[in-house]
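# Reading the structure
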Amino acid sequence: MHPVKKKIKSVLFDIAKKYPPLRGVIRTSFFTYRRYRFNQVSKQFTTDKKLITFCVFSGKGYSDSPRAIYEYMLSCEQYQDYHFVWIFKHPSQFRWLEENPRTTLVKWNSNAYREAMAKAGYWIFNYRVSDHIWPREDQVYVECWHGTPLKRLGYDLTAGGNVMNTTKEIRQKYDLDSAKFKYIISPSPYCSEKFTSAWNLAAQGKESAILEQGYPRNDALLNATPEKVQSIKENLHITDEEINGKKVILYAPTWRDNQHTSGVGYSYELGVDFQRLRDALGEEYIILFRAHYLVANSFDFDAFQGFVYNVSTYPDINDLYLAADLLITDYSSVFFDYANLKKPILFYMYDLAAYRDDIRGFYIGLEELPGPIVETEEDLIRAIPQQMVSSDWDAKYDAFLKKFAPFDDGQASRRVTEIILGEKPNVRASEGGK
């Protein structure tokens, strides 16, 4: 970004944080201008029902359920006449996708992006579509979302919003999203219930938008082979030979709503002393550190080379799940997906009271979690080797999977695609629709 534009952006963010009424004026102005520009583009095109756009985290990567659906369609002969557009902030990093002649890459928020969105019959996103971009009646927007929620979302938030949005503004964003999408993917009845309340779907008469068939992104976990896992470890340079047979810990904390840097984005303050962990565990473990996709700040782990591997920009977190022997997280939804592998999970909640009472709050009782909670580094250091050998959580794990991932069976991509394209009706899996 040009230095002048970056400075202007930083000033506007500062104003937006400090003066909510002025924030509304700024956002409305940008929205009106951008909506006008998109409408002018949209008028030039008719809908192509054999064209599909895909986007992950506003163009930040190639992963999640959009990737799973895309790769499933590529593998099926009946979809050989479809064409695909992937939207990235940095398309040059993913040019290898264009080795497939039916796949095109465009840059996020470019003219080519607006044109693709105006033409495509289907939009497959795992996060919100830009506010100013709206589908026509014959265009289908599929909100894949990006995880089963532990922390409250949208209309269910009881705390006072975050540094960039009041509770009212957050609800407005969810209203905007739900007004656009035709489907929102759910992996369980639990998730269907929470999405219905978070997006206020009942009040809008859109409960039928729930597409409850399992998460397509978890097909890769359930279908992975030992050869696939070995290949992932080779790419990460953590094969047994390279790390001397040490166990692999994936540490994947979430972001904090109250940690934000003007003009940069949400930041994350490390809540763990890696030097202390290395002194206690470095002979037997390595750590893969994965920051949340909203976290904009970078991390310097040079001092912990050979112990901490920063995998925050690694394209697909599924690979990290498969490579890990143990997951440590806090309030991130990653554990819902990781649980499909039935490997140990540990919850390090060093700021539990503040997060629960002042920032987000939770949907479920923490006693349902498929692993112990620790709040201090001393307990964390003790719990890691204990979890690697413990089998006390087997019954709890089974109950957890039955409630939160009952339809993750390796076939969700097929079922979701068939419904999206109108090949089968949208009958919830809990009602016999598999």
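Before reading further, recall that the structure is shown in the block above.
The text that follows walks through the structure, step by step, so that each part is easy to find. (Residues numbered from 1 in each chain as written. Predicted model: local features only at pLDDT ≥ 70, side-chain atom pairs only at ≥ 80, totals over all residues. Heavy atoms only, no water.)

Check the secondary structure of the protein and you find 17 helices and 15 strands. Counting the 434 residues in the protein, one finds 55% classified as buried. Nonlocal contacts in the protein, meaning residues at least 24 apart in sequence, comprise 69% of its contacts between residues at least 6 apart. Only carbon and sulfur atoms are counted for the fraction: they give 50% of the accessible area of the protein, which is about 19,300 Å². (Helix = DSSP H or I, 4+ residues; strand = E, 2+ residues; numbered from the N terminus. Buried < 20%, exposed > 50% of the residue type's maximum accessible area, 1.4 Å probe, protein only. Contact = heavy atoms within 4.5 Å. Areas by Shrake-Rupley, 256 points an atom, 1.4 Å probe, with all protein chains shown as cover.)

So, about the side chain of Asn218. Structurally, Asn218 is set in the loop between β7 (210-212) and α8 (219-222). On the basis of relative accessible area, Asn218 is assigned to the buried category, the value being 0%. A polar atom in the side chain of Asn218 sits 2.8 Å from the side chain of Asp408. Those residues in contact with Asn218, other than ones at most four positions away along the chain, are Asp337, Asn340 and Asp408. (Polar contact = N/O pair within 3.5 Å; in protein donor to acceptor, adjacent residues only side chain to side chain.)

Take empty space enclosed by the protein next. With a probe scaled to a water molecule rolled over the atoms, the places where space remains empty come into view. Summed over the entire model, instances satisfying the criterion amount to two cavities of 30 Å³ or more. Counted as a void, the largest cavity has a volume near 50 Å³. Lining the largest cavity are Tyr251, Val272, Phe274, Leu277, Ile287, Ile328, Tyr348 and Leu380. The residue makeup of the lining of the largest cavity, split by class, is eight nonpolar, no polar and no charged. Lining of the second largest cavity is provided by Ile52, Ile69, Met73, Ile124, Thr417, Ile420 and Leu421. Among the residues making up the lining of the second largest cavity, the classes are represented as six nonpolar, one polar and no charged. (1 Å grid on protein atoms, 1.4 Å probe; cavity = no way out; pocket = protein on both sides within 12 Å on 5 of 7 lines; lining within 4 Å. Points joined across faces, edges and corners; volume = space filled by probe spheres on them. Nonpolar A, V, L, I, M, F, W, Y, C, P; charged D, E, K, R; others polar.)

On the surface, Glu234, Asp240, Glu241 and Glu242 cluster together into a patch of negative charge. Counting residues per element, the negative patch draws most heavily on helix α10 (residues 240-243), at three residues. As for its position among the elements, Asp240 is in helix α10. For Asp240, a relative accessible area of 48% corresponds to the partly exposed category. (Patch = residues over 30% accessible without salt bridge, like charges linked within 9 Å, V, L, I, M, F, W, Y side chains within 5 Å. Salt bridge = Lys/Arg side-chain N within 4 Å of Asp/Glu carboxyl O. Lys, Arg positive; Asp, Glu negative; His and termini not counted. Charge placed at Lys NZ, Arg CZ, Asp CG, Glu CD.)

This brings us to the nonpolar core. In this structure, Trp199 and Ile420 are the most contacted members of the largest nonpolar core, which totals 106 residues. Setting aside its immediate chain neighbours within four residues, Trp199 contacts Trp145, Leu153, Tyr155, Tyr174, Asp177, Ser178, Phe181, Ile184 and Gln204. Ranked by size, the runner-up nonpolar core spans 23 residues in total, among them Phe307, Leu346, Val374 and Ala383. (Core = buried A, V, L, I, M, F, W, Y, C linked by side-chain atoms within 4.5 Å.)

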